[in-house]
Each structure stands twice: as C-alpha cells, then as structure tokens.
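Structure assessment
Below, each chain spelled out in residue letters.
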Amino acid sequence: APRLAARFAAAARMAGHPNETRPDGLRNLPFRLCMGGGDAAYDRNKKAADWKAELARLRDADPSGYPHEVTIYPGKGHWMDGEDREALPWMAERARDPWPSKVVWLQDDVRGTRFYWLELVEPGDGADRARVVAEVEGQTIAVQAEGLDRIALRLRDRLIDLDREVVATFDGAEVFRGTVPRTRAAI
C-alpha cells in the first residue's frame, strides 16, 4: 500500500508483515491494519504495534493526512477468528483522491516511477529510500527532496489553476515561474 497508495481508495493489512516498508507514503490513503495480539510469528504483532505508533506519530505531525485505524485483537492468533472482516465496510466507505494537494513519496528498494502527480524524470533517478514531500498552496508548488535531484510535476487544473502564473520551488529554491502551456507534454 505505501508503494502504490496513489492507485487505491483505501487499503488494509490483515496479519501481514511489512518487511522493510515504511508508512510515509500512506499520507492520502485511508489505511487499516488488523492483527492478532497473539500472532507472534515473524514478530508480526510487534510490527503491528510499531506501525500503530508510527501512523499516530505521522498523523500528529500532519493532522490532515494519514487517515488510519489499527486494531490489535487481544488473544487472537493469525486468523483473528474473522474479526478483521470489519475492515471491509470501513474501506468501502472511502473514495480515492487522485489529485491531493500534498504528497509524501518514500521510495524503498522496490522503486516506482510515478506517485500521484509526481514522476521521476528518468526511471533511474534518485536513490533507494529517496523521500519527496510536495505541496500545492495557492499557485505555488513546493517540493522538498532527500536523495533526489529532480522530479517532474504532472499538472492539471484540478490541482492548480493553469490559467494563472505557477511558481515551483525545489528544496527552497525557485525553479519555475510562469504559465504552464496546455500541451500534452506539460499536462
């Protein structure tokens, strides 16, 4: 889910182990985690508790992002006696937002080339674990990046008014100011 958050309306992890994946990319994806408290194989129950704390920390730092719910069922094992089924109607109530005004993209060792309205200029750009935070406020797009020197912005009027001047900054430096032509390549 953190790798493909832009593609889903909601996601749930039931009794799964995240391996090395981190939840940063879940900023705009409603995420539900269900785990049996007694599911100790591969430390799944401990990892679920870690994710619960990390998702809460991310939400506290960014109150308009990271919608989530974590349920660790005390005394339940791997199958949770089916109690995790409550995640299905929870997910069904959600709707996908393909153009959120703020995006957090964390690459891991399985690297993607696109995430919401961000795209690598070249597929090999950036390093494993590169982290990008991009936000639109008014007519300004601010991009902060760690482990990445450049990124393409895929724009649309639903995100920013293309009839007006657009300002883009990268790591605090202005890199573009002007109107964006309504061409297929620009959009």
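Here goes a summary of the coordinates provided. Bear in mind that the values here come from a model prediction, so they are computed numbers and not experimental data. (Residues numbered from 1 in each chain as written. Predicted model: local features only at pLDDT ≥ 70, side-chain atom pairs only at ≥ 80, totals over all residues. Heavy atoms only, no water.)

1. Brief notes about the sheet that holds strand β6 (residues 118-119)
Rules: In this analysis, strands are considered paired if DSSP registers two or more bridges between them. Only DSSP runs of H or I reaching four residues or more are called helices, and only runs of E reaching two or more are called strands; each is numbered from the N terminus.
Pairing within the open sheet is antiparallel, and its three strands lie in the order β5-β6-β9. Since the sheet does not close on itself, it has two edges, and those belong to β5 (114-115) and β9 (152-153), each with one partner. Alignment of β5 against β6, held across two bridges, turns out to be antiparallel. When the sheet's bridge partners are listed, R114 is paired in β6 with E119.

2. Topic: the sheet that holds strand β10 (residues 166-170)
Note the following rule: Lines are fitted to the C-alpha atoms to define the axes, a helix being fitted only along its stretch in contact, and any angle between axes, read from their N-to-C directions, falls within 0 to 180 degrees.
As summarised here, the arrangement of the five strands in space is β4-β7-β8-β10-β11, forming an open sheet in which the pairing is mixed. Edge strands, defined here as strands with exactly one partner in the open sheet, are β4 (102-106) and β11 (173-178). When strand polarity is set aside, the average angle formed by the axes of neighbouring strands in this sheet is 10 degrees.

3. Comments concerning the packing of aromatic side chains
This is how the line gets drawn: Pairing of aromatic rings covers Phe, Tyr and Trp, the last through its six-membered ring, and needs centres within 6.5 Å; plane angles under 30 degrees mean stacked, over 60 mean edge-to-face, and all others mean tilted. Partly exposed residues are those whose accessible area sits between 20% and 50% of the maximum for their type, while under 20% is buried and over 50% is exposed, using a 1.4 Å probe and protein chains only.
Tallied over the full model, the rule gives three aromatic pairs. Their ring planes at 10 degrees and their centres at 5.7 Å tell us that W105 and F115 sit as a pair that is stacked. You can see W105 sitting in strand β4 and its partner F115 sitting in strand β5, a full 10 residues away along the chain. Comparing W105 with F115 shows no difference in burial state: the two are buried. Centre to centre, the rings of F115 and Y116 are 5.0 Å apart; their planes meet at 90 degrees, and the pair counts as edge-to-face.

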